[in-house]
Amino acid sequence: MENTTKKSKKQKAKTAKDFGTQRKEVKKEVEELLHRLQLEVKSNYKLRASDVHQITANASQSQGSCTEKDLVQMFLQKLLMMNYKARSITVTETIRHHKEKQQKAKQSSADNVDAFSALFEKTSMPNKRQSKKDPIHPMDVQMAAFHCADRVLKQMMVTKLSQCRYALPLLVPDPFTQQIEFPFWTFREINQSWKIINNNKETISQTQPIYKAETPMVFFFRFGSVSPSKSQLMNSLINEKHNTFFHRHCPGSSRTRVLMDGVVEIAWFCPSGTYDDKFTERVAFCNLHGDAGDHEKQLQILTEMTSVNVVLLPQLDRNDKSAAKIQNLYKDPKPLICLLPEDDLALTEMGNGKYKIGLKERGQADVSKDLREAITDCLSFSSSESNIFRLEEVAEQSDIRVDEEDDDDCRKGKRAAQEMMRLLKKKDLTEIKESFLPCQGKLWHQWCQKNKELNQPKGDDPEMEISKTKTEMMKVRELQYKSDISTFIHLFMIQMNSHAENKSVFFLKWLRILLDEYTSADLSDLHHKYGEKWSTVSNLSKSSDKSEAQQLEQRELLEISKKLQDATFGLEHILREIGQIYESCSSVKKNKKDLQFDFSSLPSLAAQMMISGFPLELMDGDAAQVPVIWISAVLEKLGDQRVFVLSVLGIQSSGKSTMLNALFGLQFAVSAGRTTRGAFMQLVKLSDEMKTQMNIDYILVVDTEGLRALELAGTSTRDHDNELATFVIGLGNLTLINIFGENPSEMQDILQIVVQAFLRMKEVRLNPSCVFVHQNVSDVTAGEKNMEGRRKLQETLDEMTKLAAEHEVCDAERFSDVITFDVQKDVKYFAQLWEGSPPMAPPNPSYCENVQDLKKTILSHVSNSNGMMLTDIKNHIKNLWDALLKERFVFSFKNVLEIAAYRKLETEYSKWTWSLRKTMLETENKLQNKIENGAINEVEETDLQEELNVKSTEVKKSMSEFFERDTNANILIQWKTSFEIKISHIQENIVRETKRKLNDVLQQRVLKKRIDAQRTQNENELLEKAKNLALTLKGKAKDHKILQREFESFWEQCVSEITKDTPQVQDIDILKDVKEVLCDGSESFSDLKTKSKKCNILKVSNYSEYVQIQKTNDKFKRWLGLSKEFDAQINNLITDIVQQVNKTIMSKNIAKMGYNKSYIQELSGFIKAKVTEHEDRHKEKYVFKKHFFSDLVFAIFNTVEMTFKEQHDIFKEANDPVLYIARKREEYYNIFQKYCQGATSAAILGEIICNKLKEPIQQSIYKKTARDLADEMQTNCESLNGNRSKLEKHILKTLAEEEDFEAYLTYIHKPKKHFKSFIRDEVSQYIKDKFNTRVLPKMRDDLRQKEKRITEAVKRATQEVDKKHGDVDLWLEIFTLNLSDLLIFSENDLEGVSRDDVDVKVLEEVIIKELPPIISAMSKTFRHSRYFTLKMEYKDRPDEILIEHLCQCCWVQCPFCKAICTNTAEDHDPQPHSVSFHRINGLNGWHKRGTQDLSAQFCTTLVSSTKRFYPSHDSEESIPYKDYRRAGGVYAEWSITPDLSELSYWKWFVCRFQKKLENYYNKKFQGHGEIPAEWRKHSRQDAIESLDKYI
């Protein structure tokens, strides 16, 4: 006995040792497998769902082979596309090896012809072959991916395996620890559909989540090793045409597999409701892989839960290790079917539900028949409740791990979702949304209805109607705001704000699963009722008798439809509620009292969901409304990504969502009970490699509700479908048009809608692409049939185009007239989705190949597109939707798009013109220096053009790229030629203007020569006298007091002599000169200043006292007096004269040339000529009274008096001998000292040169800094760094902040003057604020650069003189020439200075020594910003440079409201004048004829109203505002778009300054011009914020 025990112990020890060795070997095999698949890293860092979902470089490859390292990626890619051939991927190395083997066989057969040796003799296997690794088993690829996947990807894999009708992993041993896991979580998103025939012979359709399935289960397993394939037998029971379970005869199978032993797979048979179903009810089939004797735990679990055991048994003896287990199974009351490979008997019943079937030498069909019969008998025998299999019960088994309990995030997500679901218990499904989601029900629908009314105002007083509607809309928003946030939504927000990404993903998935489970039964019932009622209504509608019964049935149908709508409850409704909470809070600008965090963070929740792969509702399908505020906020939170928008259109249930899910592995709802309503968008990420290739970050996929949706049949109209089609086509870069089946009437239905939408896109100059996808085509391989199909489609499209063209009133004969369309490339034919009859049919591989082909086409479109930035999409969605709400979509949207695109173009145009102007400013400065230095004597346009050529080429290239690559290229192209011409013209103008300025400098150089000569003569005389005095005092050089006393006496005497011979520059009195020039004895001008103050013609708004209306027979017209039209004409005349006068004054360069009284004569003559010219043009209507001219002249000169004075003071300081000589005293005393000390001629000359360089250096620095500052402000100054619209926005903000009514009047009536004043103020403030940080560093840096240039010029001059053996004259010539483009400094400045005995090397030393202290001293003078602009000529100041750049644009004002045309180009013909936002007409004094009622209407609402206007005061015929261009003249030159998004700004302004406006115009906002009450709610802050929102 003891020996037996010892022997037993030894046996156990040996068994344990063998088991340990076996475990090590298995582990080694697993590691090697993971290494071959390059997954060893992924075993720690999981394969993530986000990585698999992204589009990679391999995404468009459709080949069925790859390298081993790409096997997993290729498998997952095909699996996500529902391609069941994912298990049939060939490894390229295997293919190559097979070809090599074939080649060797051919060679050997040529050499060896002995057939018997070749066939029957055993040959030794070469070492290479022996060491050759077996190919990786396809199931090892699947299970390796499964083991390395994160939970989300595992679920996705199992869901897709189910869609491919493959068996699913039920029990999975860990490959390293053998711990068994039940992946319950992976089954949660699988739904099963099947049909049964009830007792009434009716076919009933049913759908259920698989995890809720309650079915009998048949368990297959084997003991030992058997030759027949168990999996193959199982397939014959489920679907003989499809390998549900992988077996050894499947393509790609290999001899070795590593990860399948011990794995239990499960598959369900689902009946189709036909009489040839293999089983009448659902049956689950489980398959244990490997020897059941080695996997006791799996065997125990499954045999306990099964309804029928099916075991494959080899020939065993009683002592076999499995004998006891077989004995127990036989004794178990559960049915047992034994399959005996070594036996050939047919189905034999052994009693008590035990059967045996022989397999030897029997056909597959016979065995399957027997097996099916036995299983059917067994199932009928064991139909008790205890034998029903439920997945939930597997999770209750001991000693196994359940994934969703093991994962912390998954467990917490489930708990949170269940907590929310508890709130829904015992609630009527149709009332849930009303209880828990109050913001999106009646209130939201009311708001949507009001919004539509707002966009289509009727009646005679649109502003009052709009104001009333807006007030009502705000009340709705306030009610939404006051409604309590339900606990349900509170819990959702708390979970989504947990900041744990994985947890929120699990939470969302769990919530979706539980909501689907909660609603599915009721929805299914309602759909069934709806279908029955629909059939009844359809049958009644066919009869000619329109009875009350039919109307009753129709009403009941609508009631069911409403219930169906109310009962549909999913994540999208929760997000919709959060969106409405956000929109209501945004509207009232307050946080809800019961909201635990700021409402501004709500869009982040939706953005987070989108990034995690969940779709977001873009258009609310129930309200048919895009929540623009919410969507814009979410897109903003996603960041500024570049995306390509792919949208899909098709008739309901045409397979759109299924196709998108196959294309990108998305999660759009596809079940019949949950069809897409409205439109949803989802992000598809591109891999980093693809981002670089495509220049796109994401594809934004937009899926839409089916056109002609059955549920909407009662309420949906053609307009709704047209609206939806127009929206998604307008939004998409590419639209997939999905056509299902080959029914021509259905095809015609959708095509008419689609063609009309594309026609609208053409009208608004959008050019999206389209691809037609013709699904469910019976034979896609038939080439001739395809050609015929394409021809028919082309004909249908052309026919639809003609119909749509008539509807849209435009010219188009063929579809190709509307869109670039290639019927050969842009039509895809898709095979039927299922390979056979559902529910057991797998997806058709041909369908998957078609999807892959479509994917390649889509990626081709992506690569050829620039896509859109999300910020652009945000604006695009808003503009598109706003336009769709209006009656005239094309007119409205076209204008919105064009204005937006044109504004972008203007911004670029501003950059291009500035770069040209900046370059020419540099050139102008260099050439001006050379002219002043006498280095050049003429300037040619060709020379200037050459200087600009390089920059011009850069600008042209930039323009070309902008017009080709911008997202709005199709809209912008219409202006390409005109802007190229404009750039060419601006370039010519810049060159011409620069030439004119330089020619003025040339002319002034001649005039200035006399002034400079006198000054030089005085300086030289002083030097000579100082030198002579120094010679007499040589012995007293060290006595500073004597030298100072002697020099002081000498200086006073010299200055006295100079001022006696040279007259001083006198002060000027402009108004006195004006009086002398104009006084002709006909009028007294005794008190000019008083007169100019009393009657400033430049500030009046009405010129009636200056004008005599010509006689007319119409007394009424005479009584009316001067019309607004005449006032406008005179105002334009005065504005033009003032601008020209200012320009002329600047051209005189008084700061350099001095003032001359003749300027007054010249300017007065110009004013007189302009007034006379205007009078001659309008003498039929009015003439000017005599005092018009004198008042105008005095007003203008009173305004420019200060400019004259400032310029003259600069001249006086520079040229008055007393002032000039006084400034030079210190310099001359230093030179005098050096003479006394016996300094050399070189030292004295060096000192003089350094002193003479001071002023040129200083002037050059100020000019250079001014140019640099102008350039910097074009980039950094917020108000000056964009186009004219942006500048105007900042002007309006400043006006609102200061609330200065007089400043407003200047802005309204003299905008250019106000713009210039604003630019000057901005520049002045910028210099003041940034003087120490930006201005001073620039000046000092430029000073260092100039010191460096001067030092280099000194050394170069010495070197050249040395080389040429020249003298000091040559030295000075070379030195000044090297500085001629840098400084205004020439040899003439040293004329008369003694050059005797000057050693140039000493001179070089002196200058290099003396220059640094001078530079240092000069640097210290740059201390105060207030002196900055005073130190330079007017034209060189940064503000004037920017004014010249920014104010060379269109200044034409709207004839109704005086809004300024925003076109950047001054002459933009044929582009009409336009402005993004008009003003209230009353600001321009518009009033109702015959009353004192000022207008309180916007032009943009008036042009969509029924109101009329009189174009001028003497018009007898009124014109409808809608046809305002009929009025001709200035009215015909404007494009005014009907638009309801008026700025709060002008509403606030009118209310704030109502009294002042009424006093100014002597009229009232009353009666017909009463201010709407809603306007008074706008605060100044609202006004300012509206500028940021809209401009």
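Residues numbered from 1 in each chain as written. Predicted model: local features only at pLDDT ≥ 70, side-chain atom pairs only at ≥ 80, totals over all residues. Heavy atoms only, no water.

Observations concerning the overall build of the chain
Counted only if it meets this: The secondary structure listing takes helices from DSSP runs of H or I that are at least 4 residues long and strands from runs of E that are at least 2 residues long, numbered from the N terminus. Burial classes follow relative accessibility: with a 1.4 Å probe on protein chains only, a residue under 20% of its type's maximum area counts as buried, one over 50% as exposed, and anything between as partly exposed. Any two residues whose heavy atoms approach within 4.5 Å are treated as being in contact. Note on areas: Shrake-Rupley, 1.4 Å probe, and residue coverage restricted to the protein chains presented here.
Helix and strand counts for the chain stand at 55 helices and 26 strands. Sorting the 1591 residues of the chain into buried and exposed places 53% on the buried side. Sequence separation of 24 or more characterises 76% of the internal contacts of the chain that already satisfy a separation of 6 or more. Per element, the accessible surface of the chain, about 73,400 Å² overall, is 47% carbon and sulfur.

Notes on the pairing of strand β8 (residues 264-269)
The condition that has to hold: Strand pairing is assigned whenever DSSP identifies at least 2 bridges connecting the two strands.
Of all six residues in β8, six are buried, a share of seventy percent or more. Here β8 shows two buried faces, one formed by V264, I266 and W268 and the other by E265, A267 and F269. Here three bridges tie strand β3 (residues 168-173) to β8, and the two strands are oriented antiparallel to one another. Bridge pairing links L168 to I266 in β8. Direction of pairing for β8 relative to strand β9 (residues 283-291): antiparallel, over a ladder of six bridges. For E265, the partnering residue across the bridge sits in β9 and is N287.

Quick look at the confidence of the model for the chain
Quick note on the threshold: Confidence of the predictor at the level of single residues is captured by pLDDT, which takes values from 0 to 100.
Overall, the prediction assigns the chain a mean pLDDT of 82, with 87% of residues at 70 or greater. Low pLDDT, under 50, characterises residues 710-716; the stretch is placed with 14 contacts to residues that sit more than four places away or in other chains. In this model, residues 1113-1121 is a region of pLDDT below 50 whose contacts with residues beyond four sequence positions or in other chains number seven contacts.

Regarding a negative patch on the surface
As a reminder, the rule being used: Residues enter a patch when their relative accessible area is above 30% and they make no salt bridge; the linking distance is 9 Å between like charges and 5 Å between nonpolar side chains (Val, Leu, Ile, Met, Phe, Trp, Tyr). Any carboxyl oxygen of Asp or Glu that lies within 4 Å of a side-chain nitrogen of Lys or Arg is treated as forming a salt bridge with it. Counting rule applied: Lys, Arg positive; Asp, Glu negative; His and chain ends not counted. Note that the charge is assigned to NZ on lysines, CZ on arginines, CG on aspartates and CD on glutamates.
A cluster of like negative charges, contributed by E938, E940, E941, D943, E946 and E947, occupies part of the molecular surface. Relative to the helices and strands, E947 resides in helix α33 (residues 941-965).

What about the packing of aromatic side chains?
Test applied: Between 30 and 60 degrees the pair is tilted, below 30 it is stacked and above 60 it is edge-to-face, where a pair is any two Phe, Tyr or Trp rings, Trp via its six-membered ring, whose centres lie within 6.5 Å.
For the structure shown, the criterion picks out 51 aromatic pairs. Residues W912 and F962 carry aromatic rings whose centres are separated by 5.8 Å and whose planes lie at 75 degrees to one another, so their mutual orientation is edge-to-face. With W912 in helix α32 (residues 889-932) and F962 in helix α33, this pair connects stretches of sequence that are 50 residues apart. Residue W912 is classed as buried on the basis of its relative accessible area, which comes to 3%.

Observations regarding the state of the cysteines
The following threshold applies: Two cysteine sulfurs form what is called a disulfide whenever their separation falls within 2.5 Å.
Applying the stated criterion to the full structure yields zero disulfides. Free of any disulfide, C164 has its nearest cysteine sulfur in C848, 6.8 Å distant. Left unpaired, C1457 is separated from the closest cysteine sulfur, that of C1499, by 3.5 Å. With a relative accessible area of 0%, C1457 lands in the buried category.

Notes on the environment of V1406
Take V1406: it is sitting in helix α49 (residues 1400-1421). With a relative accessible area of 13%, V1406 lands in the buried category. A sequence separation of 159 residues divides V1406 from E1247, and the C-alpha atoms of the two residues are 7.4 Å apart. Excluding residues that lie within four positions of it along the chain, V1406 makes contacts with A1242, A1243, G1246 and E1247.

Description of the sheet that holds strand β4 (residues 180-182)
To keep it simple, the criterion reads: Lines fitted to C-alpha atoms define the axes here, with helix axes fitted over just the stretch in contact, and angles between the N-to-C directions of these axes take values from 0 to 180 degrees.
Taking strand neighbours across the sheet as the criterion, the ten strands line up as β12-β13-β11-β10-β7-β9-β8-β3-β4-β14 in an open arrangement whose pairing is mixed. Looking at strand neighbours, the two that pair on one side only are β12 (348-351) and β14 (401-402), the edges of this open sheet. Examined bridge by bridge, β12 and strand β13 (residues 354-358) share three bridges and lie antiparallel to one another. Within the sheet, the bridge partner assigned to T348 lies in β13 and is K356. Most of the contacts of helix α7 (residues 138-148) go to β3, to which it runs at about 70 degrees, and overall it touches β3 and β8. Most of the contacts of helix α9 (residues 230-238) go to β9, to which it runs at about 170 degrees, and overall it touches β7 (217-222), β8, β9, β10 (308-312) and β11 (336-340).

Describing the packing of helix α19 (residues 487-496) against helix α23 (residues 602-611)
What counts, and what does not: Comment on the angle field: the value is read as roughly parallel under 35 degrees, roughly antiparallel over 145, roughly perpendicular from 65 to 115, and oblique elsewhere. Left-handed describes a crossing in which the near helix is turned anticlockwise from the far one by less than a right angle; the clockwise case is right-handed. Residue classes follow a fixed rule: Ala, Val, Leu, Ile, Met, Phe, Trp, Tyr, Cys and Pro count as nonpolar, while Asp, Glu, Lys and Arg count as charged, and any other residue, Gly among them, counts as polar.
Two numbers describe how α19 lies on α23: the axes approach to 10 Å, and their chain directions differ by 65 degrees. Our classification of the angle between α19 and α23 gives roughly perpendicular. Between α19 and α23 lies a crossing whose hand is left-handed. Side by side, α19 and α23 meet where F492, M493 and M496 of the first sit next to L602, L605, Q608 and M609 of the second. Tallied by class, residues from the contact of α19 with α23 come to six nonpolar, one polar and no charged.

Some points on the pattern of salt bridges
Taken as a whole and judged by the stated rule, the model has 77 salt bridges. R151 is the partner of D407 in a salt bridge, and the nearest nitrogen-oxygen pair spans 3.5 Å. Taken together, the residues D407 in the loop between α14 (403-406) and α15 (408-422) and R151 in helix α8 (residues 151-163) connect sequence positions 256 residues apart. Take D407 and R151: they sit in the same class, and that class is buried.

A word on the nonpolar core
Just so we agree on the cut-off: For our purposes a nonpolar core is just a set of buried Ala, Val, Leu, Ile, Met, Phe, Trp, Tyr and Cys residues, chained together by side-chain atoms within 4.5 Å.
Counting residues in each nonpolar core, the largest one holds 295 residues, and the members touching the most others are F285 and F492. At 13 residues, helix α20 (residues 501-542) tops the list of elements feeding residues into this core. Grouped together as the second largest cluster of nonpolar side chains are 115 residues, L1033, F1385, L1390 and I1407 included.

Thoughts on unusual backbone geometry
P838 connects to P839 through a cis peptide bond whose omega is 10 degrees. Looking at where P839 falls in the secondary structure, it is placed in the loop between β21 (827-829) and α30 (845-863). We note that Q178 has phi near 65 degrees; this positive angle belongs to a residue other than glycine. Following the sequence through the fold, Q178 ends up in the loop between β3 and β4. Residue classification places Q178 among the partly exposed residues on the basis of a relative accessible area of 34%. Non-glycine residue E361 carries a positive phi angle of around 50 degrees.

Observations concerning the packing of helix α44 (residues 1241-1276) against helix α50 (residues 1438-1446)
Between α44 and α50, whose axes approach to 8 Å, the crossing angle comes to 50 degrees. The orientation of α44 relative to α50 falls into the category oblique. Here α44 runs over α50; the crossing is right-handed. On α50, the residues that touch A1266, R1267, L1269, A1270, M1273 and Q1274 of α44 are P1438, I1441, L1442, H1445 and L1446. Looking at side-chain class alone, the contact of α44 with α50 contains eight nonpolar, two polar and one charged residues.

Thoughts on helix α3 (residues 71-80)
Among the ten residues of α3, nine are classified as buried, and the element is accordingly described as predominantly covered. Along α3, the positions that sit buried rather than exposed are L71, V72, M74, F75, L76, Q77, K78, L79 and L80. M82 occupies a position one or two residues after α3 and carries a positive phi of about 60 degrees.

Observations concerning the side chain of D798
Inclusion rule: For this analysis, a polar contact is any N or O atom pair within 3.5 Å, provided that within protein one partner can donate a hydrogen and the other can accept it, and provided that sequence-adjacent residues contribute only side-chain to side-chain pairs.
Along the polypeptide, D798 turns up in helix α29 (residues 783-808). Despite being buried, D798 has no salt bridge partner; R814 is the closest side chain of opposite charge, sitting 5.9 Å away. A polar side-chain atom of D798 sits 2.9 Å from the main-chain amide nitrogen of F815. Apart from the residues within four sequence positions on either side, D798 is in contact with E813, R814 and F815.

Notes on the environment of S1324
Looking at where S1324 falls in the secondary structure, it is placed in helix α47 (residues 1311-1364). Judged by its relative accessible area of 46%, S1324 falls in the partly exposed class.

Here's the deal with helix α10 (residues 296-305)
Counting buried positions along α10 gives seven out of ten residues, so the element sits mostly inside the fold. Every buried residue belonging to α10 is among K297, Q298, L299, I301, L302, T303 and M305, and all of these are buried.

Describing the environment of P1311
Along the chain, P1311 turns up in helix α47. On the basis of relative accessible area, P1311 is assigned to the buried category, the value being 6%. For the pair formed by P1311 and A1459, sequence separation is 148 residues and the distance between their alpha carbons is 9.3 Å. In contact with P1311, other than residues within four places in its own chain, are T1306, W1451, Q1453 and I1460.

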